[in-house]
Amino acid sequence: GMQFFRKCLAIPKPDVFKFLQLKILPRIIELMLKRDADNDFCMDAVWILTNIASSNKKQGSDEIIKANGLQALFALFEKSNDLEVKAQCLWTLSNISQDTQENRNKIIATGIYPKIIDFYYQVGFDIANSDLLLTVVWSLTNLHSVKYNPLNNAQSSHALTVFKTMFFHVNDSIKLEALKGLCAISEQKNFVVLLVNLIPDLVSIIDGSNKLHMKEALRIVGNIAYSNEASHLMQSTLMDSLKKLLG
């Protein structure tokens, strides 16, 4: 039955509203907590939540939260030994976190943040794990993309280490998410000083051809320029790069 519902929701533009009207979502979440964490049943269940959160956005996320889905996803993420199951839980939570700042705060309140950092080191840096790494970096970026950041300095420091490392990853998608994460971190004034050593690399990106990377790099140097560390920009070749962009 679980696989049937997963397939129904895996089609392009699934009728999530009709599925939610069946009132079976709370039961699916309840069963997630009772089954062994590493079987196909749980993976199918998490995929159902992923499709609901990504297809119907706010309403789907609200229904998942109402049915204690955040706690269930965190519990499954914590007890599973399967990297794919963990990554799917994280993917679902990241979809939910994109909807509202309140949702991001609720996800952080589950206590999952340090577990995500642990998962990052568990995944490792093997190029074969690029999809898993992308999920980790994307989830951290989403949790830091808040106007009033509820994360403490220690948590932000851990994320900064991840972003600065993945900034040099060969995978363009991972690099882009790392740049977005660094941009979010750079809005916290007390962390800007820790980004100064990246200025030459940011200038190289601005001089490059990847427009998405360039956009994020410009935002980061903009935040540095607005801080007490602006003098470091003047000591770099940034002005020459900006003149080229302006024609």
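Fair warning: this is a prediction, and the values are worked out from it, not measured in the lab.

A. How the structure looks around the packing of aromatic side chains. One pass over the full model with this rule turns up 5 aromatic pairs. For the pair Tyr 120 and Tyr 121, a centre-to-centre distance of 4.8 Å together with 70 degrees between the ring planes defines the contact as edge-to-face. You can call Tyr 120 buried: its relative accessible area is 1%. On the numbers, 5.6 Å between centres and 65 degrees between planes, the contact of Tyr 120 with Phe 125 is edge-to-face. Over the ring of Phe 77 we find Lys 86, and its NZ or CZ is 4.7 Å from the ring centre. Lying across the ring of Phe 167, Lys 175 places its NZ or CZ 5.5 Å from the centre.

B. Representation of unusual backbone geometry within the structure. One non-glycine residue, Lys 23, lies in the positive phi region at around 65 degrees. With respect to the element layout, Lys 23 can be found in the loop between α2 (16-21) and α3 (25-34). Non-glycine residue Asn 68 carries a positive phi angle of around 65 degrees. Assignment of secondary structure puts Asn 68 in the loop between α5 (57-66) and α6 (69-79).

C. Fine view of the side chain of Gln 88. Position of Gln 88 among the secondary structure elements: in helix α7 (residues 83-97). Among the polar contacts listed, one links the side chain of Gln 88 to the side chain of Thr 50, at a separation of 3.0 Å. Excluding residues that lie within four positions of it along the chain, Gln 88 makes contacts with Met 43, Val 46, Trp 47 and Thr 50.

D. Fine view of the nonpolar core. With 78 residues, the main nonpolar core has Ile 52 and Leu 202 as its most contacted residues. Top element by residues in this core is helix α4 (residues 40-55). It accounts for 9 residues. The contacts of Leu 202, once residues within four sequence positions are left out, are Phe 167, Leu 179, Ala 217, Ile 220, Val 221 and Ile 224.

Conventions and cut-offs
Residues numbered from 1 in each chain as written. Predicted model: local features only at pLDDT ≥ 70, side-chain atom pairs only at ≥ 80, totals over all residues. Heavy atoms only, no water. Phe/Tyr/Trp six-rings, centres within 6.5 Å; stacked < 30°, edge-to-face > 60°. Buried < 20%, exposed > 50% of the residue type's maximum accessible area, 1.4 Å probe, protein only. Lys NZ or Arg CZ within 6 Å of the ring centre and 35° of its normal. Helix = DSSP H or I, 4+ residues; strand = E, 2+ residues; numbered from the N terminus. Polar contact = N/O pair within 3.5 Å; in protein donor to acceptor, adjacent residues only side chain to side chain. Contact = heavy atoms within 4.5 Å. Core = buried A, V, L, I, M, F, W, Y, C linked by side-chain atoms within 4.5 Å.

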